[in-house]
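Structural overview
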Amino acid sequence: MYSSSLFILGPCSAESEQQVLATAAVIHDMAPNALFRAGLWKPRTNPGAFSGVGEKGLEWLIKVQDELGMPVATEVATPEHVTLCLNAGIRHLWIGARTTSNPIMVQAIAETIGATNEVTLYVKNPINPDIALWLGTIERFKEAGVKNIVAVHRGFSTLYSTAWRNAPVWSIPMELKRRYPDLLLLCDPSHIAGEATKVCEIAQEAMTIGYDGLMIECHISPDKALSDAAQQLTPDALGELLQTLPARSKNIATDNELAGLRQQIDEIDDALWQLILQRLDVAQQIGNYKRTHKMTVLQSERYEHILTHRLAWAKEHGVSEDIVRQVLEAIHAASIKKQV
Ligand code: PEP
Ligand code: MN
């Protein structure tokens, strides 16, 4: 559908006509092919927070579309939002993380949009790292007949605090792409990073991996923004970010050099899996010992020791602590299962 990368840029929320038009104009100048984003109905965590200007902002978005020729996208969280947007002439709609997590609302929205190829629907991942919920939401829209669906990775709320507002957990979008190779996948580095200074790093990582584009928040004066002030980029910072994105091709041709490196990876994986099997075998022996001595399987202090030691090791070797923790958790869970 798109010949090159797809960019959806604009403020977290539409706040005033002047803010919407001024932001759109400067973005359009630096990225003429980009879509403009702005939320009208904001599902906020806290009841007192700014919850969007609502319906009256539709007119401002339509002005952006008509005056700049820039297609606009906004979030829909109820069937009424869908009807209002479609009647106003908005054809790019996104489903926010909180709505993706709500199958009854998703079903109602899907039935309201109905079978169409006139709407492009962007489906953000659910708040929690639950790939089934993300897939289920995409399936509901497919079954309703929505033809153009794009997935948006905006990070996940996890049990542990990480360097990010929402941990990327890159394995989940990769699994989504494995299951739906033809589905376009965008990254929303703003909601992952949570801080303007960290947005660029995530954006570059996503484009290096091979995402099909980005959704990025940009505000003419981020310090005055009524929502997500900390993570919105100034137009200048957005311009710089767009300049630094890596140009990579999706060429899948393989030469001898790449084939050789892949062979090494396969050999290392064989050795790694042999070691994991050995580890599980020892875990089984420990399980037998605990059974004989009537000890419980989970010994929290021992696990805490292994985890702390390995995270310190990760830091020392410059390996991501998040990744080391995930691998260790998976291995530990397999050991516990073996012992039980
Ligand atoms: C947003 O895009 O401003 C938003 C609320 O995003 P999310 O649903 O990813 O939290
Ligand atoms: Mn936001």
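Each remark here, short or long, concerns the structure printed above.
Residues numbered from 1 in each chain as written. Chains lettered and ligands numbered in written order. Predicted model: local features only at pLDDT ≥ 70, side-chain atom pairs only at ≥ 80, totals over all residues. Heavy atoms only, no water.

**Side note on the overall build of the protein chain**
For clarity, the cut-off: A run of H or I in DSSP becomes a helix once it reaches four residues, and a run of E becomes a strand once it reaches two; helices and strands are each numbered from the N terminus. Think of it in three bands: residues with accessible area under 20% of the maximum for their type are buried, residues over 50% are exposed, and the middle band is partly exposed, with areas taken using a 1.4 Å probe on protein chains only. To measure how exposed things are, a 1.4 Å probe is used in the Shrake-Rupley method; for residues, cover is taken only from the protein chains shown. Here the positive residues are Lys and Arg and the negative ones are Asp and Glu; neither His nor the chain ends is included. Lys charges are placed at NZ, Arg charges at CZ, Asp charges at CG and Glu charges at CD.
Per the secondary structure count, the protein chain includes 13 helices and eight strands. In terms of its C-alpha atoms, the protein chain occupies a principal-axis envelope of roughly 75 × 50 × 40 Å. A buried classification covers 44% of the 340 residues belonging to the protein chain. With an accessible surface of roughly 17900 Å², the protein chain has 53% of that area assigned to carbon and sulfur atoms. When the 31 positive and 39 negative side-chain charges of the protein chain are each reduced to one mean point, those points stand 8 Å apart.

**Some words on the sheet that holds strand β6 (residues 146–153)**
Quick note on the threshold: Between any two strands, at least two bridges found by DSSP are needed for them to pair. Note on geometry: axes are lines fitted to C-alpha atoms, helical ones only across the stretch in contact, with angles between N-to-C directions running from 0 to 180 degrees. In this description, contact between two residues means that some pair of their heavy atoms is separated by no more than 4.5 Å.
An order of β1-β2-β3-β4-β5-β6-β7-β8 is seen for the eight strands of this closed barrel, with the pairing classed as parallel. Across the sheet, the axes of successive neighbouring strands diverge by a mean angle of 25°, strand direction being ignored. Bridge analysis of strand β1 (residues 6–10) against strand β8 (residues 213–217) gives five bridges, and the strand direction is parallel. What sits directly across from Leu-9, in β8, is Ile-216. Packed onto the sheet, helix α5 (residues 103–113) meets β4 (92–95), β5 (116–124) and β6 and runs at close to 160° relative to β5.

**A few points about the packing of aromatic side chains**
Convention followed: Aromatic contacts are taken between Phe, Tyr and Trp rings whose centres are within 6.5 Å, Trp giving its six-membered ring; a plane angle under 30 degrees counts as stacked, one over 60 as edge-to-face, and the others as tilted.
The tally for this structure, following the rule as stated, stands at two aromatic pairs. Ring centres of Trp-134 and Phe-156 lie 6.5 Å apart, and the angle between their planes is 70°; this geometry places the pair in the edge-to-face category. Of this pair, Trp-134 sits in helix α6 (residues 131–144) while Phe-156 sits in the loop between β6 and α7 (171–179), and the two are 22 residues apart along the sequence. By relative accessible area, which is 0% here, Trp-134 ends up buried.

**A look at the packing of α5 against α6**
Applied cut-off: Each angle gets one of four labels, with under 35 degrees taken as roughly parallel, over 145 as roughly antiparallel, 65 to 115 as roughly perpendicular, and the rest as oblique. By the definition used in this description, the sense in which the near helix is turned from the far one sets the handedness, with an anticlockwise turn below a right angle giving left-handed and a clockwise turn giving right-handed. For this scheme, ten residues count as nonpolar: Ala, Val, Leu, Ile, Met, Phe, Trp, Tyr, Cys and Pro. Four count as charged, namely Asp, Glu, Lys and Arg, and the remainder, Gly too, count as polar.
The interhelical angle for the contact between α5 and α6, taken along N-to-C directions, is 25°, at an axis separation of 8 Å. Taken as axis vectors, α5 and α6 run roughly parallel relative to one another. Of the two elements, α5 crosses α6, and the hand of that crossing is right-handed. Counting all contacts with α5, which are made through Pro-103, Val-106, Gln-107, Ile-109, Ala-110 and Ile-113, the residues of α6 involved are Leu-133, Thr-137, Arg-140, Phe-141 and Ala-144. Per-class residue counts for the contact of α5 with α6 are eight nonpolar, two polar and one charged.

**Comments concerning helix α2 (residues 57–68)**
Which entries qualify depends on this criterion: Given the number of residues in a helix, its expected span is that number minus one, multiplied by 1.5 Å.
Helix length check: α2, at 12 residues, gives a terminal C-alpha distance of 16 Å against a target of 16 Å (1.5 Å per residue), a fit within 8%. The set of residues buried in α2 consists of Gly-57, Leu-58, Trp-60, Leu-61, Ile-62, Val-64 and Gln-65. In this fold, the buried residues of α2 make contact with α1 (17–30), β2 (35–37), β3 (72–75) and α3 (79–88). A positive backbone phi angle near 70° is found at Gly-69, which sits one or two residues after α2.

**Observations concerning the coordination of the manganese ion (ligand 2)**
Test applied: Any N, O or S atom lying within 2.8 Å of the metal counts as a donor, and for Na, K and Ca the limit rises to 3.2 Å; water is left out, so some sites can look incomplete.
Here the manganese ion (ligand 2) is held by the protein donor atoms Cys-12 (SG), His-191 (NE2), Glu-217 (OE) and Asp-228 (OD), which lie 2.1 to 2.4 Å from it. In primary-sequence terms, the residues that donate to the manganese ion (ligand 2) follow C-x178-H-x25-E-x10-D. In this pair, His-191 is assigned in helix α8 (residues 189–193) and Glu-217 in strand β8, connecting sequence segments 26 residues apart. Grouping residues by exposure puts His-191 and Glu-217 together as buried.

**Let's talk about the side chain of Glu-217**
Let me state the cut-off plainly: Pairs of N or O atoms are called polar contacts if they sit within 3.5 Å, as long as, within protein, a hydrogen donor faces a hydrogen acceptor (for residues adjacent in sequence, only side-chain-to-side-chain pairs).
The class for Glu-217 is buried, based on a relative accessible area of 0%. In terms of polar contacts, Glu-217 uses its side chain to reach the side chain of Arg-37, at 3.4 Å. A polar side-chain atom of Glu-217 sits 2.8 Å from a polar atom in the side chain of Gln-231. Setting aside residues up to four positions removed in sequence, Glu-217 forms contacts with Gly-10, Cys-12, Arg-37, Ser-190, His-191, Asp-228, Gln-231, Gln-232 and Leu-233.

**Regarding the site of ligand 1**
Counted only if it meets this: Any residue with at least one heavy atom within 4 Å of a molecule or strand is counted as near it.
Neighbouring residues of ligand 1: Cys-12, Arg-37, Lys-42, Glu-75, Trp-94, Gly-96, Ala-97, Arg-98, Lys-124, Arg-154, His-191 and Glu-217. Within the side chain of Arg-37, an N or O atom sits 2.8 Å from an oxygen atom of ligand 1. Calculation on ligand 1 without its partners gives an accessible area of 300 Å², and the protein chains cover 96% of this total. For the shell around ligand 1, the class distribution of residues is three nonpolar, two polar and seven charged.

**Some details on the environment of Glu-67**
Summarising the element assignment, Glu-67 is placed in helix α2. Of the residues examined, Glu-67 reaches a relative accessible area of 57% and is grouped as exposed.

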